[in-house]
Amino acid sequence: MDQAMSNVARAVESGATTIRGIVDATGLSRLKVERALHALEKQKLLLRDSRGFTAPGMLATPQVRQCGSCSRCCTLLEVTEVGKSVNEWCKHCDVDKGCTIYDDRPQMCRSFNCAWLQGHLADEWFPERARMVVHFSQDAVNVQVDPGYPDRWRQEPYFSKLCEWSLNGIRMNGNRSYATLIVSGPDKFLLLGRTIVPEPTLFGTAFLPVAAETFRYWKARSPEHLHRLYGRITEIQRIQQEFGYCAIPDDDDPYPPYRPALLRLSNHPHAESDAESA
Ligand code: SF4
Ligand code: SF4
């Protein structure tokens, strides 16, 4: 996906439903927006219907909401265009009046709509009350947690909703799958259903379901490592299908061939002969 497509998809996920709205949100020319929309529709990454454009996978009945007394995104999120870092008040934010440069606020601020504002979340997620800002990017649901309430996301009803989103993101295939990422102060987490992965690496996390909502995971240290981890997971699933059971190894640095070691670890009665003939 090129940069224009990525920007257009992000604008639609942030609530833009018309070409005009997407042009305003992205700053791209109308021609570039139309080309990107066409490509995204072709790849089924966007839908066009009577209400305009929508991003599949994150759909919910949109509700009309107003930010009202909230200014959480002006404190929790990074806004490079005004030199604002994460978890720091924007110098243009007045606690009583809101944005003091509203008419001239940067493009990033104009196009930002959190998931609550878009109507994807129930009232208890109002960011000022929840102390979290949930927003979508191309391949993730991002949860930025107020560092003054670092464990808020682990509490109910928030945690169950995040688990539900995480499982939905995992079950979607190909381009439409997404990760659920939580940032709380200096800590980062990836959610795999009810399994919490602390400090996920940039190279990815290989995972395998072990129960309905929990996963065994291994964090990758390089693209090659991720490839090997998934190679072994594929073999585990193959053995599970063939024999109904496969032990899940503890070590996190597998090398092929995976099958003999897995069969031995599983104490499969025909492990040696099966492995030799494999
Ligand atoms: S966090 Fe959401 S509701 Fe709050 S000000 Fe930002 S966009 Fe509006
Ligand atoms: S410029 Fe305005 S809208 Fe943007 S972060 Fe600052 S206060 Fe918020």
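The rules behind each value
Residues numbered from 1 in each chain as written. Chains lettered and ligands numbered in written order. Predicted model: local features only at pLDDT ≥ 70, side-chain atom pairs only at ≥ 80, totals over all residues. Heavy atoms only, no water. Helix = DSSP H or I, 4+ residues; strand = E, 2+ residues; numbered from the N terminus. Contact = heavy atoms within 4.5 Å. Buried < 20%, exposed > 50% of the residue type's maximum accessible area, 1.4 Å probe, protein only. Pairing = 2+ DSSP bridges. Phe/Tyr/Trp six-rings, centres within 6.5 Å; stacked < 30°, edge-to-face > 60°. Lys NZ or Arg CZ within 6 Å of the ring centre and 35° of its normal. Expected span 1.5 Å × (residues − 1). Arc of directions from axis to C-beta.

Caption draft 1: Highlighting the side chain of His135. Checked against the element boundaries, His135 lands in strand β5 (residues 132-137). Those residues in contact with His135 that lie beyond four places of it in its chain are Leu77, Phe112, Ala115, Ala140, Val141 and Asn142.

Caption draft 2: Spatial organisation of the pairing of strand β7 (residues 179-184). Only one face of β7 is buried, namely the one carrying Thr180, Ile182 and Ser184, since none of Ala179, Leu181 and Val183 on the opposite face is buried. Pairing of β7 with strand β8 (residues 187-192) involves five bridges; the strand directions are antiparallel. Opposite Val183, over in β8, you have Lys188 as the bridge partner. Linking β7 to β8, which pair antiparallel, is a turn of two residues; within it Gly185 sits at a positive phi near 60°.

Caption draft 3: Broad picture of the packing of aromatic side chains. On inspection of all chains with the given rule, the structure shows six aromatic pairs. Consider the rings of Phe136 and Trp165, whose centres lie 5.8 Å apart with planes at 65°: the pair is edge-to-face. Of this pair, Phe136 sits in strand β5 while Trp165 sits in helix α7 (residues 158-171); the two residues are 29 residues apart in sequence, bridging distant segments of the chain. Among the aromatic residues, those joined into a cluster by ring pairs are Trp153, Phe159 and Phe189. Its guanidinium or amino end placed over the ring of Tyr255, Arg228 lies 4.0 Å from that ring's centre, counting from NZ or CZ. Taking the ring centre of Trp218 as reference, the NZ or CZ of Arg232 above it sits at 5.4 Å.

Caption draft 4: Highlighting helix α3 (residues 30-42). Here α3 spans 18 Å end to end across 13 residues, near enough to the 18 Å set by a 1.5 Å rise per residue. Here α3 has its buried residues at Val33, Ala36, Leu37 and Leu40. Taken down its axis, α3 places every buried residue within 105° of arc, on the same side. The exposed residues of α3 that point more than 90 degrees off its buried face are Arg35, His38 and Lys42.

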